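Architecture and fold: a report
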Amino acid sequence: MIGVLGATTFVLYALAAVLLVRKYRGTRDAGFLWLGLPLVLLPLVALPLGFWLQAGIDRLTLGQQVSTFPFSLIEQGRITMGGFLTLLNLVEHVVWGVFALVAILAFNGRRKAPDSRA
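Worth saying up front: this structure is predicted, and the values here are computed from it rather than measured.

Focus: the nonpolar core
- Membership of the largest hydrophobic core is limited to seven residues, which are Leu 53, Ile 57, Leu 60, Val 66, Phe 71, Ile 74 and Phe 84.
- Taken together, the elements giving at least two residues each to this core come down to helix H3 (36–61) and helix H4 (71–75).
- Of the residues forming this core, the biggest block, three residues, is contributed by H3.
- If sequence neighbours within four positions are ignored, Leu 60 has contacts with Val 66, Phe 71, Ile 74, Glu 75 and Met 81.
- Counting five residues, the second largest nonpolar core, distinct from the first, contains Leu 20, Phe 32, Val 40 and Ala 103.

Now the structure itself:
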């Protein structure tokens, strides 16, 4: 099930990338390329990181030793597993939000002047 969802996610993000490039080609507005960071690149990078996190957390829950940072913080009792997962989730959202704001600001602000004839 996890493999199927991972593959489906990859296909969806690839389609989003194709649509953003097509939109850029039609408009030449760099904002569409910048949108590729939060909408395509970050989620694609998060996929292997998610599998790495799953492996580390699975080992911890089975009582096995995981000396790799940041899992070592959980083993040492410096942070709980729930706190660790929440922290990672919040950091991911902050990074995504920053890239989304950059993308929005990168959109071309040219607007057609309103017709002054009334």
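A few points about helix H5 (residues 81–106)
- An ideal rise of 1.5 Å per residue puts 38 Å on 26 residues; H5 measures up with 38 Å between its terminal C-alpha atoms.
- Here H5 has its buried residues at Phe 84, Ala 100 and Ala 103.
- As for H5, its buried residues are in contact with helix H2 (31–34), H3 and H4.

Looking at the packing of helix H1 (residues 2–27) against H3
- Where H1 contacts H3, the axes come no closer than 9 Å and their chain directions differ by 165°. As far as their axial angle goes, H3 and H1 are roughly antiparallel. Between H1 and H3 lies a crossing whose hand is left-handed. Residues Ile 2, Gly 6, Thr 9, Phe 10, Tyr 13, Ala 16, Ala 17 and Leu 20 of H1 form the contact with H3, whose participating residues are Gly 36, Leu 39, Val 40, Pro 43, Leu 44, Leu 47, Phe 51 and Gln 54.

What counts and what doesn't
Residues numbered from 1 in each chain as written. Predicted model: local features only at pLDDT ≥ 70, side-chain atom pairs only at ≥ 80, totals over all residues. Heavy atoms only, no water. Core = buried A, V, L, I, M, F, W, Y, C linked by side-chain atoms within 4.5 Å. Buried < 20%, exposed > 50% of the residue type's maximum accessible area, 1.4 Å probe, protein only. Helix = DSSP H or I, 4+ residues; strand = E, 2+ residues; numbered from the N terminus. Contact = heavy atoms within 4.5 Å. Expected span 1.5 Å × (residues − 1). Axes fitted to C-alpha atoms, helices over the stretch in contact; angles between N-to-C directions. Parallel < 35°, antiparallel > 145°, perpendicular 65-115°, else oblique. Left-handed = near helix turned anticlockwise from the far one by under 90°.

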